[in-house]
Amino acid sequence: MTALGAVFRPQLSPERLRSVARLADGTGLEELWLWEDCFLEGGISTAAAALAWTERVRVGVGLLPVPLRNVAVTAMEVATLHRMFPGRARVGVGHGVQDWMGQVGARAESPVTLLREYVVALRALLRGERVTTGGRYVRLDDVALGWPPPGGAEVLVGAVGPRTTRLSGEVADGTVLSEVTPPDGVRRARGLIDEGRRAAGRTEPHRVVAYVLTATGPGAPDRLRAELAAKGLADVPGLGVAGDAEAVAEAVRRLADAGADTVVLEPTGDEPDPEGFVRFAAEQVRPLVP
């Protein structure tokens, strides 16, 4: 069955998260996703709060930008979430927006090298291993977590370009695809992920999360067009969906058929009713998605 989620965009104030998270939990939505966009809200802090306020909804963070975070700190925080809220946290890491990384003096000369070193070390730490490594960017000397999560923890990678998508298949447990990925893009990503998995000799399942920009209610087509235009994507076919529950469910089904295991509805930045958006996803769209 395709899992369905919704995004709490960090352009909303942090104090708004509680009502949205509790609504997602109460209406039966499977996943609520948060972003760590510079310079808005912290991914781990918001995830911890959302998990503490709820009982069953899974909370995803997509993404933590690796240039900002020492891998040992990320491992400690992710392990803590998994031990306090077993089976309910999903954390993804990625390059981060390079302009933002430059603003804080953290831009890497080789983002792909950094991400490879980081994910390999992060997964090892979360498996409870003692890690010593001296890479170009990631350097650890006899580091082990005191409280690793039993059985390890899933590490997702956010990917757009082909090199990163292939790398995700090679070193990560799953991939997060942004709203710029139409169904054909999901198929291409699956192919690249599988290339990476074969190169690494990996056979375990690899879960794919796909966002879809979604507008519903009054003015939905106009709001979707405006958001795509603002992102410079107005001429890209197959992106986003505007309409009622059936139209949105059909878009979800297309992404699932293309290879997405989880589809996350991303509201437009001017969504007038974030709580209503979550209720719409859970109560109207969810029953239409197999």
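Refer to the structure printed above.
Here goes a summary of the coordinates provided. Please read these numbers as outputs of a predicted model, since none were measured by experiment.

Turning next to the packing of helix H5 (residues 111-126) against helix H6 (residues 162-171). Relative orientation and spacing of two packed helices are given, respectively, by the angle between their axes and the distance between those axes. One can describe the packing of H5 onto H6 by two numbers: an axis separation of 11 Å at closest approach and a directional angle of 20°. The angle between the axes of H5 and H6 places the two elements in the roughly parallel class. In this structure, H5 crosses over H6, and the sense of that crossing is right-handed. Together, Val-112, Leu-115, Arg-116, Val-119, Val-120 and Arg-123 of H5 and Arg-163, Thr-164, Leu-167, Glu-170 and Val-171 of H6 make up the contact between the two elements.

The next subject is the environment of Pro-218. Positionally, Pro-218 belongs in the loop between strand S9 (207-215) and helix H8 (220-230). Classification of Pro-218 as exposed rests on a relative accessible area of 80%.

Glancing now at the packing of aromatic side chains. In this description, a pair of aromatic rings is defined by centroid distance and the angle of the planes. Counting across every chain of the model gives 2 aromatic pairs. When the centroid spacing of 6.2 Å and the interplanar angle of 80° are considered together, the rings of Trp-33 and Tyr-211 count as edge-to-face. Taken together, the residues span a long stretch of sequence, with Trp-33 in strand S2 (residues 31-34) and Tyr-211 in strand S9 at a distance of 178 residues. In this structure, Trp-33 and Tyr-211 share a single accessibility class: buried.

This part is about the pattern of salt bridges. Should their charged atoms come close, side chains of opposite charge can pair. Within the structure shown, the criterion is met by 30 salt bridges. The shortest N-O distance in the salt bridge between Glu-109 and Arg-136 comes to 3.3 Å. Of this pair, Glu-109 sits in the loop between helix H4 (98-103) and H5 while Arg-136 sits in the loop between strand S5 (131-134) and strand S6 (139-143); the two residues are 27 residues apart in sequence, bridging distant segments of the chain. A salt bridge links Lys-231 to Glu-179; the shortest N-O distance between them is 3.1 Å. Separated by 52 residues along the polypeptide, Lys-231 in the loop between H8 and strand S10 (241-242) and Glu-179 in the loop between strand S8 (174-177) and helix H7 (183-200) bring together distant segments of the chain. Residue Glu-179 is classed as buried on the basis of its relative accessible area, which comes to 13%. It is possible to trace a salt-bridge network through shared partners that takes in Glu-31, Arg-58, Arg-90 and Glu-154.

Reading the values: rules and limits
- Residues numbered from 1 in each chain as written.
- Predicted model: local features only at pLDDT ≥ 70, side-chain atom pairs only at ≥ 80, totals over all residues.
- Heavy atoms only, no water.
- Axes fitted to C-alpha atoms, helices over the stretch in contact; angles between N-to-C directions.
- Helix = DSSP H or I, 4+ residues; strand = E, 2+ residues; numbered from the N terminus.
- Parallel < 35°, antiparallel > 145°, perpendicular 65-115°, else oblique.
- Left-handed = near helix turned anticlockwise from the far one by under 90°.
- Contact = heavy atoms within 4.5 Å.
- Buried < 20%, exposed > 50% of the residue type's maximum accessible area, 1.4 Å probe, protein only.
- Phe/Tyr/Trp six-rings, centres within 6.5 Å; stacked < 30°, edge-to-face > 60°.
- Salt bridge = Lys/Arg side-chain N within 4 Å of Asp/Glu carboxyl O.

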